[in-house]
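# Notes for the structure review
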Amino acid sequence: MKSNSASKIVLYWHRTDLRLHDSPALTAALSLKPTTFIPIWTWDPHYVYRSRVGPNRWNFLLESQQALSNSYNNLNPNQKLWVIREAPQTVLPKLWERWGVTHLVFEKDTDSYARARDEEVIRLAEKAGVEVIVKMGRNLFDPDEIVSKNGGKPTMSISQVEKAAEKIGDGNPERPLNSPAANDIPDPLPLEKMDLKGIQQDKVDDQAKMDVNSGHRVGKDNQYIDIMGPNHDFGVPTLEEIGIDPSNIHTPHHGGESVALDLLNGYIKDEEYIGLFEKPNTSPAAFEPQSTTLLSPHLHFGTLSVRKFWWDVKDVMENRKKAKKPNASIPTNIPGQLLFRDMYFAAQAAIGEAFSRTYGNPIVRFIDWHLQTKTPEEIAHGKSEDKSYDVDSAEAEEWFLRWKEGRTGFPWIDALMRQLKTEGWIHHLGRHSVACFLTRGGCYVSWERGAEVFEEMLIDHETACNIGNWMWLSCTAFYAQFYRCYSPISFGKKWDPEGNLIRRYCPELAKFDKKYIYEPWRAPIADQRKWGCRVTGDKSETTTEDGQVYPKPMFDFDERRTASLDGMKEAYHVGLHGDDKQVKDGTWRKAFGIDDGGQRPQKKQKTKQ
DNA sequence: CCCGCGTTGGGGCC
DNA sequence: GGCCCCAACGCGGG
């Protein structure tokens, strides 16, 4: 829809890149020398209603969008981030028709929904004569290229990623690009031409009815009352507009490109921290300050370029090397951590849609977990109000819900889960603790249940990394040493013998002596009274005349560890994977001796056979 | 076929 | 703090 052949009206579609620095796509867009430049965000009902997003991540997203909008406005007072409330697949054709768009530019996204969405958009653009430019900028290396250099197979180890990266270049990503300067950002159309008055907004009622985030909405959902937003100004949505109560936001972690760059610059000045960083030596119990960089949410929203992170760190390490100072090495150092992120992205890129679940996924080992995700067939034959997972054990579902809410009765687990809920972030090793506990090292509940909770609560939730790490921890892919089990007592104690993390996030236990802080149920009743908290029942945050109450442990951990280990051994012996016929049609139960009534066989043997 | 290793275990011993 | 063993997976190299 070219309004005149000389003008270049460039629509820049922000998605995974809420930044101006080191953006290959933005650089490509501006190098077209546009006569008109319109940076937009499409407020997609798929993300709004179908992805699990809790209050802290909404907040982080809105802060990042507002920061980007302000940055555009600082460079060009006529500019901002133009937020349009409709699905991209339906609204983009309306925009390029109305605005006379000649070019559409965006950053490549290899997530499975994103791929399908982008293919659809590209098809529509070609039909309308709009030129599309797509550039990779979200990863160190293009995940598709890594896959092709890995023989077309998903990357299952860091060494495979390193080998593939060395075939692309010298193993390093490209150097970061500069941010645009003030006169690099052209004007949008005049305001009266930007106005979308009269454009019919596609309805989202059906999607809104299936809103997986309805539990977080306290107010009215005003997200789609106007295609330009409630003030008809394309403004960044507010929490109120989404129906989120701002007083529910208690996270200390905030979004925005300058927040990310300030954080990074602070670490870069500390060359010892950068050079000697080894992930397994950073404490999961540290808070204020945390022991790791907290830059993962910025990588997720693209407020920080991963290539800038890589090269700023590499340059520090190179200088240390020249000065004969030691550096940590891959995979535990910072570049190694970033390679893990690319490993999961490339694994996801190779597998596609099935990557995020067990059903149909060739890389995932099948375990006879409790609370399995139902197969598409089981869901089709079920009632509409049924859960998406099979409640094969009411007890296991209770364990799962207590885990999610942070009232398992194991303070280390509960502190971490409460930190996750209030702040949207916990340390990587904390994630290991709670993930092992839910799956192979305690509850024997499907990793998919845990992944859904993390998807909702983490501000840094990245599908590829979240799913990949849950597979890792549940020993269903990437990692197989299931006999290495995290103890909810010893592991925390090793890092935090005083129990400071527990005192912080389980304040009812704050006065307990460190002798009992990890096992408060062992404290004598007289001491429990003295320290103002009785360990009883299964509820937390309940007060009695005696003071506060903390739950008793929901099971005997040693018993559950043994039972889970036995289960893992048997499941490995059975040897099914997500794409096996028996997994797809439900007959896997036979291989595990589960009868038609869903009854599991009596396990007589102990761990030793 | 064996061996050593794999980002991040626990427990006992010295 | 370091070392070994526990019981034992999958992979890649020799």
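An unreviewed UniProt entry lists chain A under the name Photolyase/cryptochrome alpha/beta domain-containing protein, with Penicillium steckii given as the organism. Turning to chain A, the UniProt annotation filed under Sequence similarities (unreviewed entry) states: "Belongs to the DNA photolyase class-1 family."

Each helix and strand counted, chain A has 27 helices and eight strands in total. Relative to its length of 609 residues, chain A is compact, with a C-alpha radius of gyration of 26 Å against a globular reference of 25 Å. The principal-axis extents of the C-alpha atoms in chain A amount to approximately 80 × 65 × 55 Å. Expressed as a percentage of the 609 residues in chain A, the buried residues total 56%. Contacts in chain A between residues at least 24 apart in sequence constitute 75% of all its contacts with a sequence separation of at least 6. Carbon and sulfur atoms provide 50% of the accessible area of chain A, an area that totals close to 26,000 Å². When the 80 basic and 86 acidic side-chain charges of chain A are each reduced to a single mean position, those positions are 4 Å apart.

The domains assigned to chain A are domain 1 (1–137), domain 2 (139–178 + 256–352) and domain 3 (357–380 + 389–511 + 560–609). The C-alpha centroid of domain 2 is placed 26 Å from the C-alpha centroid of domain 1. Tallying the contact residues gives 24 residues for domain 1 and 27 residues for domain 2. For the domain 1 and domain 2 pair, buried surface summed over both sides reaches about 2,000 Å², with 52% attributable to carbon and sulfur atoms. Among the residues domain 1 hides against domain 2, the three largest losses belong to H21, D22 and M136. Together they make up 31% of the total. Joining domain 1 to domain 2, the criterion identifies four salt bridges.

Take the UniProt feature "domain: Photolyase/cryptochrome alpha/beta" (unreviewed entry) in chain A next. With numbering matched to this structure, UniProt assigns "domain: Photolyase/cryptochrome alpha/beta" (unreviewed entry) to residues 8–140. From the first C-alpha to the last, residues 8–140 spans 30 Å; its make-up is 47% helix and 19% strand.

What follows deals with the confidence of the model for chain A. When pLDDT is averaged across chain A, the result is 95; 97% of the residues are at 70 or more. Per-residue pLDDT stays below 50 along residues 605–609; that stretch engages in six contacts with residues further than four places along the chain or on separate chains.

Attention now goes to the packing of helix α18 (residues 411–423) against helix α19 (residues 428–438). Contact geometry for α18 and α19: axes closest at 10 Å, N-to-C directions at 115°. In the packing of α18 onto α19, the handedness of the crossing is left-handed. Contacts between α18 and α19 involve W412, I413, L416 and M417 from the former and G430, S433, V434 and F437 from the latter. Partitioned by chemical class, the residues of the contact of α18 with α19 number six nonpolar, two polar and no charged.

Attention now moves to the packing of aromatic side chains. The way to describe two aromatic rings as a pair is by their centre distance and the angle between their planes. For the coordinates displayed, the defined rule picks out 37 aromatic pairs. Residues Y344 and F478 carry aromatic rings whose centres are separated by 5.1 Å and whose planes lie at 90° to one another, so their mutual orientation is edge-to-face. Taken together, the residues span a long stretch of sequence, with Y344 in helix α15 (residues 334–351) and F478 in the loop between α21 (463–473) and α22 (490–495) at a distance of 134 residues. Judged by relative accessible area, Y344 falls into the buried class, the value being 3%. The exposure class assigned to F478 is buried, which follows from its relative accessible area of 15%. Through a chain of ring-to-ring contacts, three or more aromatic side chains come together here, namely W399, F410, F437, W521, F555 and F557.

With that settled, consider the UniProt feature "binding site: FAD" (unreviewed entry) in chain A. Those places that UniProt annotates as "binding site: FAD" (unreviewed entry) correspond, in this numbering, to T292, T293, L294, L295 and S296. With sequence-adjacent residues up to four places away left out, T293 is seen in contact with L263, Y267, Y273 and F309. Inspection of the secondary structure assignment puts L294 in the loop between α12 (271–276) and α13 (296–301). The residues contacting L294, other than those within four sequence positions of it, are H253, L263 and W425.

Turning our eyes to something else, we now look at the nonpolar core. In this structure, F309, W403, F437, M471, F478 and F512 are the most contacted members of the largest nonpolar core, which totals 111 residues. It is α15 that provides the largest number of residues to this core, a total of 10 residues. There are two domains that each give this core at least three residues, and those are domain 2 (139–178 + 256–352) and domain 3 (357–380 + 389–511 + 560–609). Every residue in contact with F309, bar those within four places of it in the chain, is listed here: L264, T293, L295, L299, L304, I334 and L338.

Right, let's talk about the environment of D195 for a bit. Among the structural elements, D195 can be located in the loop between α8 (191–194) and α9 (205–209). For D195, a relative accessible area of 26% puts it in the partly exposed group. In this structure, the C-alpha to C-alpha distance between D195 and I274, residues 79 residues apart in sequence, is 48 Å. Among residues more than four places away in sequence, those in contact with D195 are R98 and M228. Polar side-chain contacts of D195 include one of 2.7 Å to the backbone nitrogen of K197.

For the rest of this paragraph, the subject is the protein's contact with DNA strand B. Around DNA strand B sit 18 residues, and of these H432, W472, C485, S487 and S490 come closest. Within the contact set of DNA strand B, a phosphate oxygen lies 2.7 Å away from a side-chain nitrogen or oxygen of S490. At the level of elements, α15, α19 and α22 are the ones that each hand at least two residues to the surface near DNA strand B. Per-class residue counts for the surface near DNA strand B are eight nonpolar, seven polar and three charged.

Where helix α20 (residues 447–457) meets α21, the closest approach of the two axes is 10 Å, and the angle between their N-to-C directions is 145°. Of the two elements, α20 crosses α21, and the hand of that crossing is right-handed. The segment α20 lies against α21, with W447, G450, A451, F454 and E455 engaging N466, I467, W470 and M471. Residue composition of the contact of α20 with α21, by class: six nonpolar, two polar and one charged.

What follows concerns the environment of K167. Position of K167 among the secondary structure elements: in helix α7 (residues 158–168). Under the relative-accessibility criterion, K167 is labelled exposed at 55%. As for K167 and K149, which are separated by 18 residues in sequence, their C-alpha atoms are 6.7 Å apart. One polar contact links the side chain of K167 to the main-chain carbonyl oxygen of K149, over a distance of 3.2 Å.

Below, the discussion takes up helix α14 (residues 306–322). Over its 17 residues, α14 extends 24 Å from the first C-alpha to the last, a length consistent with the 24 Å expected when each residue adds 1.5 Å. Looking only at α14, the buried set comprises V306, R307, K308, F309, W310, W311, D312, V313, V316, M317 and R320. On its buried face, α14 is in contact with α1 (24–30), α11 (257–269), α12, α13 and α15. Where α14 begins, the side chain of S305 points an oxygen toward the backbone nitrogen of R307, at a separation of 3.1 Å. Note on α14: the residue one or two positions beyond its end, K324, has a positive phi of about 60°.

Each value, and the rule that gives it
Residues numbered from 1 in each chain as written. Chains lettered and ligands numbered in written order. Predicted model: local features only at pLDDT ≥ 70, side-chain atom pairs only at ≥ 80, totals over all residues. Heavy atoms only, no water. UniProt positions renumbered as here; feature names shortened; annotations may be inferred. Helix = DSSP H or I, 4+ residues; strand = E, 2+ residues; numbered from the N terminus. Rg over C-alpha atoms; globule rule 2.2 N^0.38 Å. Buried < 20%, exposed > 50% of the residue type's maximum accessible area, 1.4 Å probe, protein only. Contact = heavy atoms within 4.5 Å. Areas by Shrake-Rupley, 256 points an atom, 1.4 Å probe, with all protein chains shown as cover. Lys, Arg positive; Asp, Glu negative; His and termini not counted. Charge placed at Lys NZ, Arg CZ, Asp CG, Glu CD. Domains from an automatic or database assignment. Buried area = accessible area lost by both parts, 1.4 Å probe. Salt bridge = Lys/Arg side-chain N within 4 Å of Asp/Glu carboxyl O. pLDDT = per-residue confidence, 0-100. Axes fitted to C-alpha atoms, helices over the stretch in contact; angles between N-to-C directions. Left-handed = near helix turned anticlockwise from the far one by under 90°. Nonpolar A, V, L, I, M, F, W, Y, C, P; charged D, E, K, R; others polar. Phe/Tyr/Trp six-rings, centres within 6.5 Å; stacked < 30°, edge-to-face > 60°. Core = buried A, V, L, I, M, F, W, Y, C linked by side-chain atoms within 4.5 Å. Polar contact = N/O pair within 3.5 Å; in protein donor to acceptor, adjacent residues only side chain to side chain. Near = heavy atom within 4 Å. Expected span 1.5 Å × (residues − 1).

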